[in-house]
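One-letter residues, chain by chain:
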Amino acid sequence: MRLIAWVTSVAFILALIHPAFADELPKGNVLLTQVMPQAVLVWDASSTIEDLAAGGQLTDDGLKTLEVDGINILADRVQQLRVRDVELVILCTRILSVSPTYGAPVFSGVEHVMSIKTTRDALQASSDWTKRISAGTPVKGLEVSISDKPPSPF
């Protein structure tokens, strides 16, 4: 019984600790879906895309923002993985309208926004990637494939 109380206390304290990088990472859940031969992570960027849409930034600049956010997620998560290649698939849930019956948004599906592929070594040597992406300069060691149509969370 004492062990359970001790473990519960430690878990509660750890849950209160705010990681230093938490403010820097974008909103949304990131799931590890595959580990071998490469790590594949899936990020639900719906809330970030909604924020971009609310600010009228679902343009090339908005896609650059998503790309930079995705690289920040990869840089954070690759530290925990022991793989050479890593990929982040960025998805967005689509909402059609609010149901008059239930008063809640109606889920319409999931939309692929972009995929980012790179290697562990390239990520660790990527001190200026965010500046280069924001400037529209190609980045060596980074492969980005963007969906044919822009994300539309609404």
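Only a predicted model underlies this, so the values are computations on that prediction, with no experimental measurement involved.

Caption draft 1: Inspection of the sheet that holds strand β3 (residues 85-98) at higher detail. The five strands lie next to each other as β1-β2-β3-β4-β5, forming an open sheet whose pairing is mixed. This sheet does not close on itself; its edge strands, each paired only once, are β1 (30-34) and β5 (143-146). Along the sheet, successive strands turn relative to each other by an average axial angle of 25 degrees, direction set aside. For strand β2 (residues 39-44) and β3, the ladder comprises six bridges, and the chain directions are parallel. Along β3, the bridge assignment pairs D44 with L91. The strands that helix α2 (residues 46-54) touches are β2, β3 and β4 (105-119); relative to β3, the one it contacts most, it runs at about 60 degrees. Strands β1, β2, β3, β4 and β5 of the sheet are contacted by helix α3 (residues 60-78), whose axis makes an angle of about 65 degrees with β4.

Caption draft 2: Quick look at the nonpolar core. One finds W43, L66 and I90 to be the most contacted residues of the largest nonpolar core, which totals 29 residues. Where this core is concerned, the elements lending two or more residues are β2, α2, α3, β3, β4, α4 (120-124) and α5 (129-135). It is α3 that provides the largest number of residues to this core, a total of seven residues.

Caption draft 3: Highlighting the pairing of β2. Where burial is concerned, most of β2 is hidden: five out of the six residues are buried. Note that β1 and β2 share four bridges and pair antiparallel. Counterpart to L31 in the pairing with β2 is V42. Between β1 and β2, which pair antiparallel one after the other, the connecting turn spans four residues.

Caption draft 4: Looking closely at the environment of D121. Note on placement: D121 falls in helix α4. Along the chain, D121 and G141 lie 20 residues apart, while their C-alpha atoms are 9.1 Å from each other.

Caption draft 5: Representation of the layout of surface pockets in the model. In this model, the largest pocket occupies a volume close to 160 Å³. Where the lining of the largest pocket is concerned, the elements lending two or more residues are α3, α5 and β5. Top contributing element to the lining of the largest pocket by residue count: α3, with four residues. A breakdown of the residues in the lining of the largest pocket according to their chemical character gives seven nonpolar, two polar and five charged.

Caption draft 6: Representation of α2 within the structure. For α2, every residue scored as buried is listed here: S46, T48, I49 and L52. With its buried residues spanning 160 degrees around the axis, α2 presents them on a single face. Contacts made by the buried residues of α2 are with β2, α3, β3 and β4. Count one or two residues on from α2 and you reach G56, which has phi positive near 70 degrees.

Parameters and conventions
Residues numbered from 1 in each chain as written. Predicted model: local features only at pLDDT ≥ 70, side-chain atom pairs only at ≥ 80, totals over all residues. Heavy atoms only, no water. Pairing = 2+ DSSP bridges. Helix = DSSP H or I, 4+ residues; strand = E, 2+ residues; numbered from the N terminus. Axes fitted to C-alpha atoms, helices over the stretch in contact; angles between N-to-C directions. Contact = heavy atoms within 4.5 Å. Core = buried A, V, L, I, M, F, W, Y, C linked by side-chain atoms within 4.5 Å. Buried < 20%, exposed > 50% of the residue type's maximum accessible area, 1.4 Å probe, protein only. 1 Å grid on protein atoms, 1.4 Å probe; cavity = no way out; pocket = protein on both sides within 12 Å on 5 of 7 lines; lining within 4 Å. Points joined across faces, edges and corners; volume = space filled by probe spheres on them. Nonpolar A, V, L, I, M, F, W, Y, C, P; charged D, E, K, R; others polar. Arc of directions from axis to C-beta.

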